[in-house]
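What follows is each chain in one-letter form.
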Amino acid sequence: MVEKLQQLGQRTLELFEKLGRSSLFLLQTLMGTLEMLLRPRLVIAQLHSVGVRTFLIIIVSGLFIGMVLGLQGFTTLSDFGAEESLGVMVAASLVRELGPVVTALLFAGRAGSALTAEIGLMKTTEQLSGMEMMAVDPIRRIIAPRFLAGFISMPLLAAIFSVVGVIGGHMVGVGLLGVDDGAYWSQMQAKIDFNEDILNGIIKSVVFGFIVMWVALFEGYDAIPTSEGVSRATTNTVVISSLAILSMDFILTALMFGDI
Amino acid sequence: MVEAVVNAKDVLVSVKDLSFSRGSKMIFDGISMEIERGKVTAIMGPSGTGKTTLLKLIGGQLHPQKGAITIDGQTVHELSHRNLYRLRKQLGLLFQSGALLTDMTVFENVAFPIREHTKLPESMIRSLVLMKLQAVGLRGARDLMPNELSGGMARRVALARAIALDPMMIMYDEPFTGQDPISMGVLVQLIRLLNDALGLTSIIVSHDVQEACAIADYIYLVSGGKVVGHGTPDELRHSDSEWIQQFMNGFADGPVPFHYAARDYAEDLVAVD
């Protein structure tokens, strides 16, 4: 019994230690990020590997999700004779929810896990330690440009996801199921509000990008420097950031659209 | 009086009464040593005595629980972040693995510290890098990636990178481990040559007795968290301490027993767990 209590205490202590370390890490990263504005080349290189390489998976997923929304939306809406509103339904679902959330989940799986593995391996092979001994702060040189690149990429990717999704919905709804082309676009134009829908969606994607980058980079930096440690850190990144994204999405949605 | 001045050692790194433990495991228990400027000093001991840890303590990556390390008059663990980084610019640490940045070519690896710490024009960086690579004999390998290098070559590139900013001291972590005889010979020669040609101070952490004795001016033997002996290679070879004799000659049994501490063999065989 006492042993179990001790274990519980130990776990709790470890949890809080990790939280403390990750907060310090975030603080140092943010300070380093300011410095990166003076060295845009490092950030651009990372924008390529974090952002551009995630592009394809975002486009393909966006297209399919938009097509499914068109199909499902049409079946439901036609029961009420409201299939003309398909455009609004597809766009609102994408811009408010699916765009930021699904993009963030894909981003965590594609870019986040890759970053954790990269940083973790750099730690395992003493590259980070070697940099410190060359008087180069790895948080500034390695972590900060990646953080900034992810933070910039995420809202852009979410926006592209939504746009491609709307096109996918159009392809199915207008192309296959015969919804009126003009109604699809004009109702969307009339009902989707810039502040209420689009801006809130962008805020969500910015918050999610921040979370994914923080978790992914910290897990890599804090990984136990063995192959097992890196593999565990990579899994942690995907699990922790997915859960954080979904729970944070609920909180944000409640604040933005819930009238609480 | 004049004699005293001549005999006064010019100490660059001094370790005073240093204690360090990891968890409940005591790694150093009050060790002291002095490393002279311009000399090659070897720190030797059996595996697992925390020799690498000592280098990390000197480089300020770890903090001692007791005692202090001073480099050139500065106490390492008391330095601010900024001053510690300033000091590190004058130190080179050669990791056992080389710790080259795997996403850059050999050229870019050597150029890395120069680019990070200076604003020299590209043409001058090129000349500097080629000079450093020439010194380790790898000017022709400048376009290779680290994964295309053999272990010995990777260490030489790391050495070129360590001397890129003309440091005052280089620390070598097990430079001879896992090298074939030729690269071993190359490294032994390079360490001595660079030390004398560039006026460096070198610290070698190693357990390769032959190689270390061949180039070291002074040797510290560390075991069980303490300094068990020190002196020039000759003094140690002729030491009358049994432990030093065992280590220097590689005897299987002696003060360091062949058997890990256990209960009586015969008793153990008939016992039931």
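Residues numbered from 1 in each chain as written. Chains lettered and ligands numbered in written order. Predicted model: local features only at pLDDT ≥ 70, side-chain atom pairs only at ≥ 80, totals over all residues.

Let us look at the overall build of chain A. For chain A, the helix and strand inventory stands at 9 helices and 0 strands. In chain A, the order of α-helices and β-strands from amino to carboxyl end is α-α-α-α-α-α-α-α-α. Contacts in chain A between residues far apart in sequence, at least 24 positions, make up 87% of those at least 6 positions apart. (Helix = DSSP H or I, 4+ residues; strand = E, 2+ residues; numbered from the N terminus. Contact = placed C-beta atoms within 7 Å.)

Turning next to the sheet that holds strand β1 (residues 11–22) of chain B. All names here are of chain B. Read across the sheet, 4 strands follow the order β2-β1-β4-β5 without closing on themselves; strand pairing throughout is antiparallel. Because the sheet does not close on itself, it has two edges, and the strands there are β2 (25–36) and β5 (74–75). Here β1 runs beside strand β4 (residues 66–71); their pairing, made up of 5 bridges, is antiparallel. Along β4, the bridge assignment pairs Val 13 with Ile 71. Seen against the sheet, helix α2 (residues 51–58) touches β1, β2 and β4 and runs at an angle of roughly 120 degrees to β1. (Pairing = 2+ DSSP bridges. Axes fitted to C-alpha atoms, helices over the stretch in contact; angles between N-to-C directions.)

Moving on: the confidence of the model for chain B. All names here are of chain B. A residue-level look at chain B finds 97% of positions with pLDDT of 70 or above and a mean pLDDT of 85. Here residues 1–6 is a poorly scored stretch, pLDDT under 50, and it has 0 contacts once near neighbours within four places are set aside; other chains count. Two numbers describe this predicted complex: its pTM, 0.85, and its ipTM, 0.79. (pLDDT = per-residue confidence, 0-100.)

This paragraph deals with the pairing of strand β3 (residues 40–44) of chain B. Every other side chain in a regular strand lies on the same face of the sheet, so the side chains alternate between the two faces. Residues and elements named next belong to chain B. Here β3 lies mainly inside the structure; 5 of its 5 residues are buried. Here β3 pairs with strand β8 (residues 201–206) via 5 bridges, running parallel. Across the sheet, the residue bridging to Ile 43 is Val 205, located in β8. Bridge count for β3 against strand β9 (residues 218–223) is 4 bridges, and the pairing is parallel. Looking across to β9, one finds that Ala 42 is bridged to Ile 219. (Buried ≥ 20, exposed ≤ 12 C-beta atoms within 10 Å, placed from the backbone.)

Chain B puts 14 residues into the contact, and the matching count from chain A is 10 residues. Residue assignment for the side of chain B that touches chain A shows that the elements contributing at least two residues are α3 (81–88), β6 (91–94) and α4 (106–117) of chain B. Of all the elements, α4(B) adds the most residues to the side of chain B that touches chain A, at 3 residues.

This brings us to the domain arrangement of chain B. All names here are of chain B. You can read the domains of chain B as domain 1 (2–90 + 167–270) and domain 2 (105–166). Placing the centre of domain 1 and that of domain 2 at their C-alpha centroids yields a distance of 27 Å. Taken together, the contact pairs 13 residues of domain 1 with 11 residues of domain 2. At 5 residues, the largest contribution of residues to the side of domain 1 that touches domain 2 is made by helix α7 (residues 181–197). Partitioned by chemical class, the residues of the side of domain 1 that touches domain 2 number 8 nonpolar, 3 polar and 2 charged. (Domains from an automatic or database assignment. Nonpolar A, V, L, I, M, F, W, Y, C, P; charged D, E, K, R; others polar.)

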